[in-house]
Amino acid sequence: MIVAEDMYRLGSQRSVIRDLFEYGKKLAAEIGAENVYDFSLGNPTVPAPDCVNETIRSLTQTLDGITLHGYTSAQGDEEARQAVADYLNQTHGTHVKADDLYMAMGAAAALSLCFRALTVDSSDEFIAIAPFFPEYRVFVEAAGAKLAVVPADTKNFQIDFDELEKRISKHTKGIVINSPNNPSGAVYSEDTIKRLADLLCRKQEEFHKDIFILADEPYREIVYDGAKVPFVTKYYKNTLVCYSFSKSLSLPGERIGYVLVPKEVTDSREVYAAIAGAGRSLGYVCAPSLFQKVLVSCIGQTGDIKEYKKNRNLLYEGLTKIGYECFKPQGAFYLFVKSPSADSEAFCELAKEEHLLLVPADGFGCPGYVRISYCVDYDMIKRALPAFGRLYQRYV
Ligand code: PLP
């Protein structure tokens, strides 16, 4: 083989979600798009707030092309980083400085930068809590480390601390957490974050080493019923935050986010420099310049989250009434449903016969469950409910 085998494997294996998406397109051509119920993707359906297009219009009218489209500093424009720092400080009462932030191409790049910066050798491990975003494994392994997985707490979708404690060892470099969670929709409570912080402080002492939390937070603002998302840096010093505007501002294709390295992190300037070095080595420098400028005016705004809530209520109530066992999501835009048979992959195959495209959660480290993405058209959910009903009937 003339190419790197690992890279070839990654590039040629299609993800379950991509396969479903392609299948849905073919099915729509055969039976009409209105008869396909595609719940596979996590692509925001609420438009970006008006501020985004207004700012783009105004920037294109007022700035010359060189200023508008030119390179920024590798770590991001000072003004954009200052805007993020000001916003975080106002919102969370923190003392973040522009120099604690590295602008990145979405959360995917932010996470990759952190894994790469923190991995010292191949014995290093990161721990993910199931259910977890499957790309963590790809990013961690690409950084040269290993991923260890804590099985899901399927009762509350918080953290099973006994299982987590068993997996923390002298090799543990960090724990990646994601709240609000894709795919469960759970929000980690303050109690969960405090317990996690206590456990990690204890383990840092026991193993005489730093253990980091990587807080992956693309869904931070997408919460319902007043759910609060604790700002993890306030509970645990060695926390790096990986944030993305993909979901909050509905800008997934524009690839904009950041890494926050708070001053409280051990050797924070060294960590920051290693993140900048990872950016340099991966070519993840100078995040999209136009969208760094957009942030300066639009940070703190969101798309219309009430739309997702409406969808959540319709789907959750509809499926629960049919008899499905669903976890009520407090955030993000996914409903996590227990498959009526233990084999969730077979259940999702059967769902295709009803033209329902659902994602088995095996790839999220939680077999027996299914992810239903409800960032979709409200009317599609309404039309799909009878199909969910027929599908359920096949199991009773
Ligand atoms: N982390 C989680 C939990 C996600 O769900 C996603 C995207 O869906 C990402 C990271 C990657 O986000 P981005 O599109 O900003 O790279």
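Located above this text is the structure these notes cover.
Residues numbered from 1 in each chain as written. Predicted model: local features only at pLDDT ≥ 70, side-chain atom pairs only at ≥ 80, totals over all residues. Heavy atoms only, no water.

Q: Before we go on, may I ask you to explain empty space enclosed by the protein in this structure?
A: In this approach a probe as big as a water molecule rolls over the atoms, and the regions it shows empty are the leftover space. Scanning the model with the defined rule gives three cavities of 30 Å³ or more in all. Put simply, the largest cavity is a space of about 60 Å³. Looking at the largest cavity, the residues that line it are I177, N178, S179, Y188, I193, A215, D216, E217, V229, P230 and V232. (1 Å grid on protein atoms, 1.4 Å probe; cavity = no way out; pocket = protein on both sides within 12 Å on 5 of 7 lines; lining within 4 Å. Points joined across faces, edges and corners; volume = space filled by probe spheres on them.)

Q: How do you make sense of the layout of surface pockets when you look at a structure like this?
A: The volume enclosed by the second largest pocket comes to roughly 240 Å³. Lining the second largest pocket are A117, L118, V120, K173, D210, F212, T266, D267, E270, V271 and A274. Sorting the residues of the lining of the second largest pocket by element identifies α6 (106-118) and α10 (268-282) as the ones contributing at least two each. Counting residues per element, the lining of the second largest pocket draws most heavily on α10, which supplies three residues. Looking at side-chain class alone, the lining of the second largest pocket contains six nonpolar, one polar and four charged residues. (Helix = DSSP H or I, 4+ residues; strand = E, 2+ residues; numbered from the N terminus. Nonpolar A, V, L, I, M, F, W, Y, C, P; charged D, E, K, R; others polar.)

Q: Which parts of the structure should I look at to understand the packing of helix α3 (residues 50-62) against helix α11 (residues 289-298)?
A: To describe two helices that pack against each other, one gives the angle between their axes and the distance between the axes. At a closest axis distance of 9 Å, the pairing of α3 and α11 adopts a crossing angle of 120°. For the element pair α3 / α11, the angle class is oblique. When you trace α3 past α11, the crossing you get is right-handed. Across the interface between the two elements, C51, V52, T55, I56 and L59 from α3 touch L290, F291, K293, V294, S297 and C298 from α11. The residue makeup of the contact of α3 with α11, split by class, is eight nonpolar, two polar and one charged. (Axes fitted to C-alpha atoms, helices over the stretch in contact; angles between N-to-C directions. Parallel < 35°, antiparallel > 145°, perpendicular 65-115°, else oblique. Left-handed = near helix turned anticlockwise from the far one by under 90°. Contact = heavy atoms within 4.5 Å.)

Q: Whenever I open this one, the site of the ligand confuses me. Can you help?
A: Residues in contact with the ligand amount to 13 residues; listed here are only the nearest, D216, Y219, S244, S246 and R255. In this structure, an oxygen atom belonging to the ligand sits 2.6 Å away from a side-chain N or O atom of S244. A distance of 2.9 Å separates an oxygen atom of the ligand from a polar atom in the side chain of K247. Partitioned by chemical class, the residues of the shell around the ligand number five nonpolar, five polar and three charged. (Near = heavy atom within 4 Å. Polar contact = N/O pair within 3.5 Å; in protein donor to acceptor, adjacent residues only side chain to side chain.)

Q: Could you clarify how one ought to interpret the sheet that holds strand β3 (residues 125-129) in this entry?
A: Ordered in space as β2-β8-β7-β6-β5-β3-β4, the seven strands form an open sheet in which the pairing is mixed. Bordering the open sheet on either side are β2 (101-104) and β4 (146-150), each of which pairs with just one other strand. Between one strand axis and the next, the sheet turns through 20° on average, direction left out of account. Examined bridge by bridge, strand β6 (residues 212-216) and strand β7 (residues 239-244) share four bridges and lie parallel to one another. Counterpart to D216 in the pairing with β7 is C242. Its contacts with the sheet put helix α5 (residues 78-92) on β2 and β8 (257-260), and the angle it makes with β2 is roughly 115°. Sheet contacts for α10: β2, β6, β7 and β8; angle to β2, the most-contacted strand, approximately 20°. (Pairing = 2+ DSSP bridges.)

Nothing here speaks to function; it is all geometry.
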